[in-house]
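Here's the letter readout for the chains.
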Amino acid sequence: MSARQITSLTNPTVKAVRALHLRKEREESGLFLAEGLKLVIEALDLGRVPRILLYGPDASSHPMLRRAVEATEAGGGEVIQVSRDILEKISRRDNPQAVVAVFPQVFTPLESLNPAAASCWVALQAVRDPGNLGTIVRTADAAGCGGVILVGDCCDPYSVEAVRATMGSTFAVPLIKASVPDFIAWRERWPGSVVGTLLTAAIDHRNADYRAPTLILMGNEQAGLPPELASICDVNVKIPMRGRADSLNLSVATGIMIYAVTG
């Protein structure tokens, strides 16, 4: 394989790729960083091609790297061979992946969603933790959910931390952004159940009547679901707390709800 080689830590491409750790840079460029050959191959399987593919010496003999290189070049992307030092700088980790890629971000318009495409969908209001968000995207993928809707001011699903937590599911699950007013207006046309979770709800999540397609609406990690969104749900449910803890981590609670709905 022939690829352009970069050895300088101050190379403009290296700086630009490393800058994708910053939300401002991701938003301005419309790009994001994905680490690991496994993620790149999963992206290719789903028709997503890197804009830039960087690989280090540890990956040069990997049998799947050739596929990634050929697909990137065929799609008009750039392939670059780099040193381990550069991979450490880009990843901001002492044990970086041997392959790093830059992809275009993809968001699905809210109005284009087809509720009938899946029996379960997830909406998250003002989720703050990228690890939670990435884990929820991964769980939604595992359960065959139709997509994840980010309502209001959420953390960035294309941050390095969120993408890491998805373990590749970021390429498989449609991501949608919506303001609170737009989401409330759009929800009026939802053909199935809209289900919220509240600690004060009277109905156990295992006993609710879920009509497909079911839209699960989860609130912020600290504040939970605000009244303006709880009020638009067909039913609000609670997950029983039997021990001393009075609440669950958001990604755990969302996973419980997803599998309660999907069986």
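In what follows, the structure referred to is the one given above.
Residues numbered from 1 in each chain as written. Predicted model: local features only at pLDDT ≥ 70, side-chain atom pairs only at ≥ 80, totals over all residues. Heavy atoms only, no water.

Within soluble globular proteins, side chains that are nonpolar tend to cluster in buried spots. Counting residues in hydrophobic clusters, the biggest one holds 50 residues, and the most contacted among them are Val-40, Leu-53, Val-99, Phe-103, Leu-124, Val-148 and Met-257. Apart from the residues lying within four places of it in its own chain, the contact partners of Met-257 are Val-195, Thr-197, His-205, Tyr-210, Ile-216, Met-218, Val-237 and Ile-239. Counting 21 residues, the second-largest nonpolar core is a separate cluster that includes Leu-113, Val-180, Phe-183 and Leu-215. (Core = buried A, V, L, I, M, F, W, Y, C linked by side-chain atoms within 4.5 Å. Buried < 20%, exposed > 50% of the residue type's maximum accessible area, 1.4 Å probe, protein only. Contact = heavy atoms within 4.5 Å.)

Attention shifts here to the sheet that holds strand S2 (residues 31-35). If you trace the five strands from one edge of the open sheet to the other, you get S1-S4-S3-S5-S2, paired in mixed fashion. Looking at the sheet topology across the chains shown, the edges are occupied by strand S1 (4-6) and S2. Strand-to-strand twist of the sheet, defined as the mean angle between neighbouring strand axes without regard to direction, takes the value 25 degrees. Looking at chain direction, S2 and strand S5 (residues 99-104) are connected through five bridges and run antiparallel. Counted as the bridge partner of Phe-32 is Phe-103 from S5. (Pairing = 2+ DSSP bridges. Helix = DSSP H or I, 4+ residues; strand = E, 2+ residues; numbered from the N terminus. Axes fitted to C-alpha atoms, helices over the stretch in contact; angles between N-to-C directions.)

Within the element layout of this structure, His-205 appears in the loop between strand S10 (203-204) and strand S11 (214-218). Taking relative accessible area as the criterion, His-205 reaches 8% and is therefore assigned buried. If sequence neighbours within four positions are ignored, His-205 has contacts with Tyr-210, Val-237, Lys-238, Ile-239, Pro-240, Ile-256, Met-257 and Ala-260. A distance of 3.3 Å separates the side chain of His-205 from the side chain of Asp-204, its partner in a polar contact. (Polar contact = N/O pair within 3.5 Å; in protein donor to acceptor, adjacent residues only side chain to side chain.)

Their axes nearest at 10 Å, the elements helix H3 (residues 37-45) and helix H4 (residues 65-74) cross at an angle of 50 degrees. In this view, H3 runs oblique relative to H4, as classed from their interaxial angle. As for how H3 packs across H4, the hand of that crossing is left-handed. Packed against H3, whose contacting residues are Leu-37, Val-40, Ile-41, Leu-44 and Asp-45, the element H4 presents Leu-65, Arg-67, Ala-68 and Ala-71 at the interface. Class assignment for the residues of the contact of H3 with H4 results in seven nonpolar, no polar and two charged. (Parallel < 35°, antiparallel > 145°, perpendicular 65-115°, else oblique. Left-handed = near helix turned anticlockwise from the far one by under 90°. Nonpolar A, V, L, I, M, F, W, Y, C, P; charged D, E, K, R; others polar.)

Assignment of secondary structure puts Asn-220 in the loop between S11 and helix H9 (227-230). What makes Asn-220 buried here is its relative accessible area of 11%. Reaching out from Asn-220, the side chain makes a polar contact with the backbone nitrogen of Ala-223 at a distance of 3.0 Å. Beyond its immediate stretch of four places on either side in the chain, Asn-220 contacts Gln-125, Ala-126 and Arg-128.

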